[in-house]
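# Close look at the chain arrangement
This is what each chain is made of:
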Amino acid sequence: MEKAQIKVMDNGSLKVTGDVELIDAEGNLYQTKKVFSLCRCGLSGNMPFCDASHKGKFESCVRAEKILDE
């Protein structure tokens, strides 16, 4: 089975790819596709999914810390 992937998009959403289950705090299952985006800015009208409301209103470019081999 291939690993699911979550990609942090610059100035945007969390892009989820792969076979995952998305559930709310009460354990209810959301219907998803193999690729979907989760809102990171809090502006979406379709939470927890991204609807591109962030465009021009949200900035965040994060990077994982690079680990150098010794």
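Preceding block: the structure.
First, a word on what this report is: a plain description of the structure on this page. (Residues numbered from 1 in each chain as written. Predicted model: local features only at pLDDT ≥ 70, side-chain atom pairs only at ≥ 80, totals over all residues. Heavy atoms only, no water.)

## Some words on the pattern of salt bridges
- One pass over the full model with this rule turns up 2 salt bridges.
- A salt bridge links Asp10 to Arg63, with the nearest nitrogen and oxygen atoms 2.8 Å apart. A residue pair is termed long-range when its members are at least 10 positions apart, and Asp10 in the loop between strand 1 (5-8) and strand 2 (14-17) and Arg63 in the segment after strand 3 (35-38) qualify at 53 residues.
- Ionic pairing is found between Lys34 and Asp19, a salt bridge with its closest N-O pair at 3.8 Å. Of this pair, Lys34 sits in the loop between strand 2 and strand 3 while Asp19 sits in the loop between strand 2 and strand 3; the two residues are 15 residues apart in sequence, bridging distant segments of the chain.
- Judged by relative accessible area, Lys34 falls into the exposed class, the value being 53%. (Salt bridge = Lys/Arg side-chain N within 4 Å of Asp/Glu carboxyl O. Helix = DSSP H or I, 4+ residues; strand = E, 2+ residues; numbered from the N terminus. Buried < 20%, exposed > 50% of the residue type's maximum accessible area, 1.4 Å probe, protein only.)

## So, the sheet that holds strand 1
- In spatial order, the strands read 1-2-3; together these 3 strands make up an open sheet with antiparallel pairing. The two strands at the open ends of the sheet, each matched to only one other strand, are strand 1 and strand 3. Neighbour to neighbour, the strand axes of the sheet diverge by 25° on average, direction disregarded.
- Bridge analysis of strand 1 against strand 2 gives 4 bridges, and the strand direction is antiparallel. Along strand 2, the bridge assignment pairs Lys7 with Lys15. (Pairing = 2+ DSSP bridges. Axes fitted to C-alpha atoms, helices over the stretch in contact; angles between N-to-C directions.)

So far we have only geometry, and geometry alone does not tell us how the molecule works.
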